[in-house]
Amino acid sequence: MRKGFTLIEVLVSLVILSIIAIISSNILQSSLETERVASKRLNDVKNINFSSIIIKRDIRQIINVPLRDFYGNSINGTMIGNNIEKKISFNSKIKSNSENTSPLKRIEYIIENDNFIRKQFYSANPYDANQYFESKLIKNVSEMNIEFMYKQKWHSQWPINKETETVIPTLIRFEFKKDKKDTRLKHVYLNDKGKKLFNEVFDVQKKRIYNALINSSSKEVINFNNVLNKIINEKI
């Protein structure tokens, strides 16, 4: 008597193999999608960190000299920026390979076609608006806000008055929304005064947290809500 598989057994085997193949395919597809999303987020973080480094370098090397427009006329300000045009312009000291070339360059950060772009002109007072090279730092920027700190207050434009036309703001803050998601960059510190201000604020916050924890029970610390209220409401 010959032994073999019945038609029912073959059909059952095919069904089981089909189910295994579908499950394996879904797992593989899910893994590939997870890897793609993780890689994209990692690249986004790298781009934001890289952009932050470049912005900090440019701003920390700002030269406080008056700006001129492309016709040679003086502009009332050594730095120009506002939230309407989504743009900030200033002169910065850029290292040059040639000793015959001035290290002073006009730098401009602007949003164009949903991209955060850095433009570097070939001189501090360029006469041709098209003579520059650009770098696309962050793509798919849906929204950007720029703020300038002066006398411990944030302002949406610079300069804010006649007094600040020859002054560099203490801090500049960039806030981005990339792909309609909030991707906030840290403050960009301009000078020693800005760093001192940050340290003072940071020390106050540390003191608030320390006092709140010391004056809280273990149960409050576990729940943390009461501790958080103490941090927010405590007067230092």
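Residues numbered from 1 in each chain as written. Predicted model: local features only at pLDDT ≥ 70, side-chain atom pairs only at ≥ 80, totals over all residues. Heavy atoms only, no water.

Trainee: Whenever I open this one, the pairing of strand 2 (residues 87–93) confuses me. Can you help?
Mentor: As a general feature of sheets, a regular strand has side chains that alternate between the two faces. The element strand 2 is largely enclosed, with a buried count of five among its seven residues. In terms of strand pairing, strand 1 (residues 79–82) meets strand 2 through four bridges, oriented antiparallel. When the sheet's bridge partners are listed, Gly81 is paired in strand 2 with Ile88. Between strand 1 and strand 2, which follow one another and run antiparallel, lie four residues, and Lys86 among them has a positive phi close to 55°. Across seven bridges, strand 2 lies against strand 3 (residues 104–112) in antiparallel orientation. Bridge assignment links Phe90 to a residue of strand 3, and that residue is Ile107. (Buried < 20%, exposed > 50% of the residue type's maximum accessible area, 1.4 Å probe, protein only. Helix = DSSP H or I, 4+ residues; strand = E, 2+ residues; numbered from the N terminus. Pairing = 2+ DSSP bridges.)

Trainee: When you look at the nonpolar core in this model, what are you seeing that I'm missing?
Mentor: Considering soluble globular proteins, one finds that nonpolar side chains tend to be buried as a cluster. Among the nonpolar cores identified, the biggest contains 24 residues, and Met79, Ile88, Phe90, Tyr109, Phe116, Ile172 and Phe174 are the most heavily contacted of them. Those elements that provide at least two residues to this core are helix 1 (7–60), strand 2, strand 3, strand 5 (132–138), strand 6 (141–150) and strand 9 (171–178). Here the element with the most residues in this core is strand 6; it accounts for five residues. Not counting chain neighbours up to four residues away, the residues in contact with Phe90 comprise Asp58, Ile59, Ile62, Leu67, Thr78, Met79, Lys105, Arg106, Ile107 and Tyr109. (Core = buried A, V, L, I, M, F, W, Y, C linked by side-chain atoms within 4.5 Å. Contact = heavy atoms within 4.5 Å.)

Trainee: Is there a simple way to explain the pattern of salt bridges in this structure?
Mentor: Oppositely charged side chains may form a pair once their charged atoms are brought near each other. Under the counting rule described, the total for this entry stands at seven salt bridges. Linking Arg173 and Glu147 is a salt bridge whose minimum nitrogen-to-oxygen distance equals 2.3 Å. In this pair, Arg173 sits in strand 9 while Glu147 sits in strand 6, placing the two residues 26 residues apart along the sequence. Residue Arg173 is classed as buried on the basis of its relative accessible area, which comes to 16%. Salt-bridge contacts for Lys151 lead to Glu163; the nearest nitrogen and oxygen are separated by 3.7 Å. Here Glu163 lies in the loop between strand 8 (157–158) and strand 9 and Lys151 lies in the loop between strand 6 and strand 7 (153–155), a separation of 12 residues in the sequence. Exposure remark for Lys151: the relative accessible area of 58% places this residue in the exposed category. Taking the relative accessible area as the measure of exposure, Glu163 reaches 45% and is therefore partly exposed. Connected via shared salt-bridge partners are Arg57, Asp58 and Arg118. (Salt bridge = Lys/Arg side-chain N within 4 Å of Asp/Glu carboxyl O.)

Trainee: What exactly am I supposed to notice about the side chain of Gln120 here?
Mentor: Looking at the element boundaries, Gln120 is found in strand 4 (residues 115–121). Those residues in contact with Gln120 that lie beyond four places of it in its chain are Ile94, Lys105, Arg106, Ile107, Tyr132 and Phe133.

Trainee: I would appreciate a short explanation of the packing of aromatic side chains in the present structure.
Mentor: Aromatic ring pairs: the centre-centre distance and the angle between the two ring planes describe each pair. Applying the stated criterion across every chain, the model contains nine aromatic pairs. Here Tyr109 and Phe116 contribute two aromatic rings whose centre-to-centre distance is 5.6 Å and whose plane-to-plane angle is 15°, an arrangement assigned as stacked. When the ring of Tyr122 is compared with that of Phe133, the centres are 6.2 Å apart and the planes differ by 55°; the resulting orientation is tilted. Here the residue Tyr122 occupies a position in the loop between strand 4 and strand 5, and Phe133 occupies one in strand 5, the gap between them amounting to 11 residues. On the accessibility criterion, Phe133 (35% relative accessible area) is partly exposed. Put simply, the rings of Phe90, Tyr109, Phe116 and Phe174 pair up and form one aromatic cluster. Against the face of Trp154 rests Arg173, its NZ or CZ located 4.2 Å from the ring centre. (Phe/Tyr/Trp six-rings, centres within 6.5 Å; stacked < 30°, edge-to-face > 60°. Lys NZ or Arg CZ within 6 Å of the ring centre and 35° of its normal.)

Trainee: Would you explain the pairing of strand 1 in this entry?
Mentor: Here strand 1 runs beside strand 8; their pairing, made up of two bridges, is antiparallel. Note that in strand 8 the partner of Gly81 across the bridge is Trp158.

Trainee: Help me understand the sheet that holds strand 1 in this model?
Mentor: Sheets are built from strands paired through backbone hydrogen bonds, the pairs being either parallel or antiparallel. The six strands are arranged 5-4-3-2-1-8 in an open sheet whose pairing can be described as antiparallel. In the strand order of this sheet, the two ends are held by strand 5 and strand 8, each with one partner. Here strand 3 pairs with strand 4 via six bridges, running antiparallel. Opposite Glu112, over in strand 4, you have Asn115 as the bridge partner.

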